[in-house]
Amino acid sequence: MSNESVLDKHFFYVAQTEEGYKQGCAESPDGFMEDISNAKIAWLDCLVNEINKDIYLIAEKFGFSKNLICALLTDYPSAYADFDTEMGLKVPAITVTGLEVTLNPAIILIRGNIILTIHGSNVVRFLRFRRYADVYLRKIPRKNPLNDKLTLLMARLLDENNSRNFDHLREIEQQGDTISKWMMDPQTPRSTLGPEIYKMKHALITYLNGLWATVDVISSLRYGDAELISDDEKILGRIDLLSNDVNRQIGLSEHMSEVLASGLEVLQSIYNNQLQVLNNRMAFAITYLTILGTAVLVPNTIAT
C-alpha cells in the first residue's frame, strides 16, 4: 500500500486477526467492518471535517454510546471518561501558525477490541503512525491479555500526539529568536515590538495550557483504575514515562517564558536609559538657552 493512499483517506484501520495482520483505508469504514469486528485488537483512525458534529455518527457506528461522547465534548481542552465497558480520552492536538497557537481536540475511544481515534482533517496527528502501525502491532505479543494490548497501543498513540505537540515548540522558539533580533535593534519601533512580545507571551501560555491539559488526562489514565486498562506495573510504567516527557516540555516552555520576561526587563531598562539620555539632552539645551537668554537680556536691561 502506497504512502499516498494511507495518508489521503479519511478512514484507516489496522487489525490483528487469527490469520495475521490486516490494514486498509477508504472514505467509508463499511468495507472493513468485518475485519475489525473479528480482530483480536484493531486501531481505526478517522479524519473528520467538523469533529463536534461528525463524531456522534462515527462513534455510534462502532458501538460507542452518546453519553460517552457528551462527556468528552467539553469546553476544557482535555477530558477523561470511564464507563467500565467503554472509555474515552480527549487530548489537545496543538498546532502553531506563526504566533497563533490552537488547541484542537483529538479523541481516543476504547471499547471491546477497538481503539478509535478521531481528529480534524486539518490536524496532522496520527498520519505518520499509519505508515508503520502494522509493524508496531506485530511487536505486541499475541498471548498478552486484551487490556494489556489496548494499553500498549493507546500509550503509543498518546506518545505520537505528544511528539507532534513537542514539534511545535520549535516553531515558537524560532519566532522568539526573531523577536530577540528586533529587540537588539535600537531602530525597531516600540509600537511594533510591544504587540509582538505580547503575542509571544500569549502563544507560550496557550501552549502551556495544552501541555497541562495533557498531563491531566495522563494522570487520570494512570490512576483512574479503569477496567479496560492493564494492571501490569511494567506496562503502566510507559504511561508514567509519557507524563515525565510532558513535564519536561513544560519545564522548557516555562524556561522560554522566563527568558522572554528577562528580555522584557532588559528592553525596559534600555528604553528607560534612552529616556534618561533624552531628558539630559533636553536639560542641557534648556540650560544653554537660558544662558544665551541671560546674555542677551542683561545688556538690554543695562541699556534701558
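Residues numbered from 1 in each chain as written. Predicted model: local features only at pLDDT ≥ 70, side-chain atom pairs only at ≥ 80, totals over all residues. Heavy atoms only, no water.

Caption draft 1: Representation of the side chain of Thr 117 in the model. Turning to its location among the elements, Thr 117 is positioned in strand S7 (residues 114-120). Of the polar contacts made by the side chain of Thr 117, one reaches the side chain of Asp 45; its length is 2.7 Å. Not counting residues within four places of it along the chain, the set of residues in contact with Thr 117 comprises Trp 43, Leu 44, Asp 45, Cys 46, Ile 107, Ile 108, Phe 126 and Leu 157. (Helix = DSSP H or I, 4+ residues; strand = E, 2+ residues; numbered from the N terminus. Polar contact = N/O pair within 3.5 Å; in protein donor to acceptor, adjacent residues only side chain to side chain. Contact = heavy atoms within 4.5 Å.)

Caption draft 2: Examining the pattern of salt bridges more closely. Overall, the coordinates contain 13 salt bridges when judged by the stated rule. In this structure, Arg 128 engages Asp 167 in a salt bridge whose closest nitrogen and oxygen atoms are separated by 3.9 Å. Note that Arg 128 is positioned in helix H5 (residues 127-139) and Asp 167 in helix H6 (residues 146-184), a separation of 39 residues in sequence. Classification of Arg 128 by relative accessible area gives partly exposed; the value is 40%. Asp 245 is the partner of Arg 248 in a salt bridge, and the nearest nitrogen-oxygen pair spans 2.2 Å. Taken as a pair, Arg 248 and Asp 245 lie in helix H8 (residues 233-303) at a separation of three residues, close to a single helical turn. (Salt bridge = Lys/Arg side-chain N within 4 Å of Asp/Glu carboxyl O. Buried < 20%, exposed > 50% of the residue type's maximum accessible area, 1.4 Å probe, protein only.)

Caption draft 3: Inspection of helix H3 (residues 51-61) at higher detail. Restricting attention to buried positions, one finds in H3 the residues Ile 51, Ile 55, Ile 58 and Ala 59. Mapping the buried residues of H3 onto a view down its axis gives an arc of 95°, with all of them on the same face. In H3, those exposed residues whose orientation departs by more than 90 degrees from the buried face are Lys 53, Leu 57 and Glu 60. Tucked into the core, H3 has its buried residues touching strand S1 (11-16), strand S3 (41-48), helix H4 (66-72), strand S6 (100-111) and S7. Count one or two residues on from H3 and you reach Gly 63, which has phi positive near 90°. (Arc of directions from axis to C-beta.)

Caption draft 4: Fine view of the environment of Ala 93. Inspection of the secondary structure assignment puts Ala 93 in strand S5 (residues 86-97). Setting aside its immediate chain neighbours within four residues, Ala 93 contacts Thr 102, Leu 103, Asn 104, Ala 106, Val 123, Arg 125, Asn 161 and Asn 165.

Caption draft 5: Focus on the confidence of the model for the chain. When pLDDT is averaged along the chain, the result is 81, and 75% of the positions lie at 70 or above. In this model, residues 1-8 is a region of pLDDT below 50 whose contacts with residues beyond four sequence positions or in other chains number 14 contacts. (pLDDT = per-residue confidence, 0-100.)

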